[in-house]
Amino acid sequence: LQVCPDSNIRNITRYLPYILKAMADSGLTSRNQLVGIIATIYVETTPFAPIREYGRGRGMRYGTTFYGRGFVQITWESNYRKAQQDLNIPGLLQNPDLALEPETAAKILCWYWKGATGNNPSRAAERGDWRGTRRAVNGGYNGWQEFNEAVQRGLQVFTQGIDPNAVGAMPTDGAYGLGCADPGTGTSRTLAGIHNPTTQADALAYA
């Protein structure tokens, strides 16, 4: 919320874990990648959720809706087809709304970010070339001021990148600083023995 002050906290709570997991799986773990992606989602969606961006144009067959969807609004039939193949998303061409599902939207975001459709925002972001990052996403500089302000806030808030070993699962043997045990199994997981307030945020993240 410090980086994306107009965003919906419920959306951040719901979607951020999928985004961080997809970033970790894609090797997008540096501080600059984190800043660039979060600022891009902020500008491209505002509510911090996958959105529909209606439109028609070349590459959009009549009666088929290959308009923009997701965190960065994948468009064109050719890009939906490539995403379906590269990311193994069965039925994406037949049901483009799959690009709005949290896990799929996050995967498509990182797939796009690394240059799958020709643009490659990740390279510019890694260099700290924020104008280049915005252009790679937008094709121009629409939303540049809002994006750059979010980037500057992100550079203040995020002091490091993503630890891929701490995304998606959390060890309970003390390796992550948790002074607790996890006796639960299956879908019922219980954290016990938390006495240090500094570990409670970790416990909540695990839960």
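Structure: see above.
Notes on the structure in this doc start here.

What counts, and at which threshold
- Residues numbered from 1 in each chain as written.
- Predicted model: local features only at pLDDT ≥ 70, side-chain atom pairs only at ≥ 80, totals over all residues.
- Heavy atoms only, no water.
- Helix = DSSP H or I, 4+ residues; strand = E, 2+ residues; numbered from the N terminus.
- Buried < 20%, exposed > 50% of the residue type's maximum accessible area, 1.4 Å probe, protein only.
- Contact = heavy atoms within 4.5 Å.
- Areas by Shrake-Rupley, 256 points an atom, 1.4 Å probe, with all protein chains shown as cover.
- Salt bridge = Lys/Arg side-chain N within 4 Å of Asp/Glu carboxyl O.
- Arc of directions from axis to C-beta.
- Phe/Tyr/Trp six-rings, centres within 6.5 Å; stacked < 30°, edge-to-face > 60°.
- Lys NZ or Arg CZ within 6 Å of the ring centre and 35° of its normal.
- Axes fitted to C-alpha atoms, helices over the stretch in contact; angles between N-to-C directions.
- Parallel < 35°, antiparallel > 145°, perpendicular 65-115°, else oblique.
- Nonpolar A, V, L, I, M, F, W, Y, C, P; charged D, E, K, R; others polar.
- Core = buried A, V, L, I, M, F, W, Y, C linked by side-chain atoms within 4.5 Å.
- Polar contact = N/O pair within 3.5 Å; in protein donor to acceptor, adjacent residues only side chain to side chain.

Secondary structure summary: the protein chain contains eight helices and two strands in total. From first element to last, N terminus to C terminus, the protein chain shows the α and β order α-α-β-β-α-α-α-α-α-α. Out of the 207 residues in the protein chain, the part that is buried amounts to 41%. The contacts in the protein chain between residues at least 6 apart in sequence include a share of 52% that link residues at least 24 apart. Of the roughly 11200 Å² of accessible surface on the protein chain, 46% is carried by carbon and sulfur atoms.

Per the counting criterion, the structure on display carries eight salt bridges. Between Asp97 and Arg52 there is a salt bridge; the shortest N-O distance is 3.0 Å. In this pair, Asp97 sits in the loop between helix H3 (77-87) and helix H4 (102-113) while Arg52 sits in strand E1 (residues 51-53), placing the two residues 45 residues apart along the sequence. Ionic contacts of the salt-bridge type, sharing partners, join the residues Arg52, Arg69 and Asp97 into one network.

Next up on the list: H3. Among the residues making up H3, those that are buried are Glu77, Asn79, Tyr80, Ala83 and Gln84. All buried residues of H3 project into a common sector of 165° when viewed along the axis, lining one side. Every exposed residue of H3 that faces more than 90 degrees away from the buried side is listed here: Ser78 and Gln85. If you follow the buried residues of H3, they end up packed against strand E2 (68-70) and H4. Asn88 lies just past H3 and shows a positive phi near 55°.

Moving on, we come to the packing of aromatic side chains. Within the structure shown, the criterion is met by three aromatic pairs. Summarising the aromatic geometry, the rings of Tyr15 and Phe71 are spaced 6.0 Å apart at their centres and angled 80° between planes, so their arrangement reads as edge-to-face. Remark: Phe71 occurs in the loop between E2 and H3 and Tyr15 occurs in helix H1 (residues 9-26); sequence separation between them is 56 residues. Residue Phe71 is classed as buried on the basis of its relative accessible area of 1%. Consider the rings of Trp144 and Phe147, whose centres lie 6.1 Å apart with planes at 45°: the pair is tilted. Of the two residues, Trp144 and Phe147 both sit in helix H7 (residues 144-157), three residues apart, roughly one turn of that helix. Take Phe147: its relative accessible area is 0%, and that puts it in the buried class. Of note, Arg69 hangs over the ring of Tyr67, and the distance from its end group to the ring centre comes to 4.0 Å.

Below, the discussion takes up the packing of H3 against H4. Between H3 and H4, the least distance of the axes is 11 Å, while the angle of their chain directions is 105°. Classified by the angle between their axes, H3 and H4 sit roughly perpendicular to one another. Two secondary-structure elements touch here, H3 through Asn79, Lys82, Ala83, Asp86 and Leu87 and H4 through Lys107, Ile108 and Trp111. Residues that form the contact of H3 with H4 fall into these classes: four nonpolar, one polar and three charged.

In this structure, Ile19, Met23, Ile37 and Phe71 are the most contacted members of the largest nonpolar core, which totals 47 residues. Every element with two or more residues in this core is listed here: H1, helix H2 (31-45), H3, H4, helix H6 (130-138) and H7.

This part is about the environment of Thr13. By the secondary structure assignment, Thr13 is in helix H1. Once the C-alpha coordinates of Thr13 and Phe48 are considered, the two residues, 35 residues apart in sequence, prove to be 9.7 Å apart. For Thr13, the side chain forms a polar contact with the main-chain oxygen of Ile9, separated by 2.9 Å.

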